[in-house]
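# Chains, contacts and geometry: an overview
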Amino acid sequence: MDSKDDMQYEPVAAQPAHLSLFDDQPAPVSDGAQLAEPVGGRKRRTRRVLIWSLVALLVVLGGGVGALYWTADHYASSVQRIPNAFPTLPDSAQPQPVAHSGMTFLLVGLDARSDVPTTGSDAKAPAWKEGAARSDTMMLMHIAADRKSVSVVSIARDTWVDIPGHGQAKINAAYSWGGPALMVETVQNLTNIRIDHVAVIDWNGFRSLTDTVGGVDITIPKTIEAVGGAQHWDAGTQHMDGATALSYVRERHGLPNGDLDRTKRQQNFLRALMKQTLSSGTLSSPTKLGGLLKSVGDVVSVDDKLSNSDLYDLAWSLRGVRVGDVSFMNAPFGGFATIDGQAAVKLDQQAATPLWEAMRNDRMNQYFAEHRTTSDMLGDSVR
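The text that follows walks through the structure, step by step, so that each part is easy to find. Quick caveat: nothing in here was measured; it's all calculated off a predicted structure.

Let us look at the overall build of the protein chain. The secondary structure content of the protein chain amounts to 10 helices and 13 strands. The buried share of the protein chain, taken over its 383 residues, is 54%. Sequence separation of at least 24 residues holds for 70% of the intrachain contacts in the protein chain that already meet a minimum separation of 6. Carbon and sulfur atoms provide 48% of the accessible area of the protein chain, an area that totals close to 16400 Å².

Time to look at the packing of aromatic side chains. Tallied over the entire structure, the rule returns three aromatic pairs. Ring centres of Trp233 and Tyr248 lie 5.9 Å apart, and the angle between their planes is 85°; on these two criteria the pair is classed as edge-to-face. Separated by 15 residues along the polypeptide, Trp233 in the loop between β8 (216-220) and β9 (236-240) and Tyr248 in helix α5 (residues 242-250) bring together distant segments of the chain. Across this residue pair, the class does not change: Trp233 and Tyr248 are buried.

Right, let's get into helix α3 (residues 173-191). Taking 1.5 Å of rise per residue, 19 residues should cover 27 Å, yet α3 covers just 17 Å from first to last C-alpha, more than 12% shy of that figure. Gly179 marks the point of greatest bend in α3, at about 135°, and the proline Pro180 comes within the next four residues. The element α3 is largely enclosed, with a buried count of 17 among its 19 residues. Directly beyond the C-terminal end of α3, a positive phi value near 60° is found at Asn192.

With mixed pairing, the seven strands of this open sheet are ordered in space as β1-β10-β7-β2-β3-β4-β11. Pairing within the sheet leaves two strands with one partner each, and these edge strands are β1 (80-82) and β11 (326-330). Pairwise comparison of adjacent strand axes, ignoring direction, gives a mean angle of 25° for this sheet. Sheet contacts for α3: β1, β2 (103-110), β3 (137-143), β4 (150-155) and β7 (197-202); angle to β2, the most-contacted strand, approximately 140°.

Attention shifts here to the pattern of salt bridges. Using the criterion set out here, one finds four salt bridges in the structure. The residue Asp91 makes a salt bridge to Arg194 at a minimum N-O spacing of 2.9 Å. Note that Asp91 is positioned in the loop between β1 and β2 and Arg194 in the loop between α3 and β7, a separation of 103 residues in sequence. Glu357 is paired through a salt bridge with Arg363; the nearest N and O atoms lie 3.6 Å apart. With relative accessibility at 37%, the residue Arg363 sits in the partly exposed group.

The next subject is the pairing of strand β10 (residues 300-303). Pairing of β1 with β10, which is carried by three bridges, proceeds in the parallel orientation. By the bridge assignment for β10, Ile82 is matched with Asp303. Of the strand pairs in this sheet, β7 and β10 are connected by three bridges, and their pairing is antiparallel. Opposite Val200, over in β10, you have Ser301 as the bridge partner.

Here we come to the nonpolar core. Membership of the largest hydrophobic core comes to 41 residues, with the highest contact counts inside it found for Phe105, Phe206, Met240, Tyr248 and Phe269. Here this core takes five residues from helix α6 (residues 259-279), the largest share from any one element.

You can see Arg265 is positioned in helix α6. Setting aside its immediate chain neighbours within four residues, Arg265 contacts Ile224, Trp233, Tyr248, Val249, Glu251, Leu255, Val382 and Arg383. Engagement of the side chain of Arg265 in a polar contact is seen with the backbone oxygen of Tyr248, the distance being 3.2 Å.

What counts as what
- Residues numbered from 1 in each chain as written.
- Predicted model: local features only at pLDDT ≥ 70, side-chain atom pairs only at ≥ 80, totals over all residues.
- Heavy atoms only, no water.
- Helix = DSSP H or I, 4+ residues; strand = E, 2+ residues; numbered from the N terminus.
- Buried < 20%, exposed > 50% of the residue type's maximum accessible area, 1.4 Å probe, protein only.
- Contact = heavy atoms within 4.5 Å.
- Areas by Shrake-Rupley, 256 points an atom, 1.4 Å probe, with all protein chains shown as cover.
- Phe/Tyr/Trp six-rings, centres within 6.5 Å; stacked < 30°, edge-to-face > 60°.
- Expected span 1.5 Å × (residues − 1).
- Bend = angle between axes of the 7 residues up to and from the residue.
- Pairing = 2+ DSSP bridges.
- Axes fitted to C-alpha atoms, helices over the stretch in contact; angles between N-to-C directions.
- Salt bridge = Lys/Arg side-chain N within 4 Å of Asp/Glu carboxyl O.
- Core = buried A, V, L, I, M, F, W, Y, C linked by side-chain atoms within 4.5 Å.
- Polar contact = N/O pair within 3.5 Å; in protein donor to acceptor, adjacent residues only side chain to side chain.

Structural data, given as structure tokens:
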């Protein structure tokens, strides 16, 4: 991947859409064209609700940023594409894709703690600059082949792994040393899962996204005292605005299991954001929806292999998925360790093998049914 300091991701112009929002049959629509609406207010409203429901799911899950293209306006061109996001290795040196096994995204979260955006339409700095920053979050998001469920598995940022060309280190170093391409190669080597697409998310941007939907409700099961660097959190359900939610997902101090609890907080926040988006009236208000789409375009970038038509197809295919159809978990925990003077997380390779196999072969529903009582699963009570 290009490591020049002045590298910028350039937006890709919207491609001609091939699926009408309101017609029963797909109809050609050129960029900027007026989309036809059916006669009859009830039919029109029903289909709009359906489309906006799709937007909500895809917006929250990051890889589904393509839902922006449903608007067929300037929001489409605001979605930035990441060039050179995949390893240049021959196919024979990478995991072999499994036919009819769904789609897997690698979601990379950045936490630059900077006022200068690194992703989305307002980016003023490259999302990746060699040696500048490590990725804060890594999630594998698997969309089932039947498009009836979505599974999200977090890999702790301190997980000790082999990084091609660099030896052993924490997994988040891969992004620092080689950007998305090296991160994809590292995760593929770890899991033997072929990554289909990449989405890079700036956590800072979630402040405006959270505020756009009116904030989120998150329950703190037990009061956390402000000891050391920890923030004070009162027990109970709290309505958090964007700034408060960002503090919640960033917190590492005061959590018994450190980074593992932090990844669960991130998942809990995404779940709450999805729920709020579907119930806050955002999707039934053109004004609010426009603000939501603008916020997402500001914080998410996707690989340049994800075409506009791919995004249309994905959004349409996920129309039946609801919040309860999305499952979250951490990669199996194998213990903490100090390696080369660094605090690291060990992956339980024996327990992880069936997880990666289930994701690779599109059997995640079966896996969750068999392992739903393990501590790696995201439950209703999150510290």
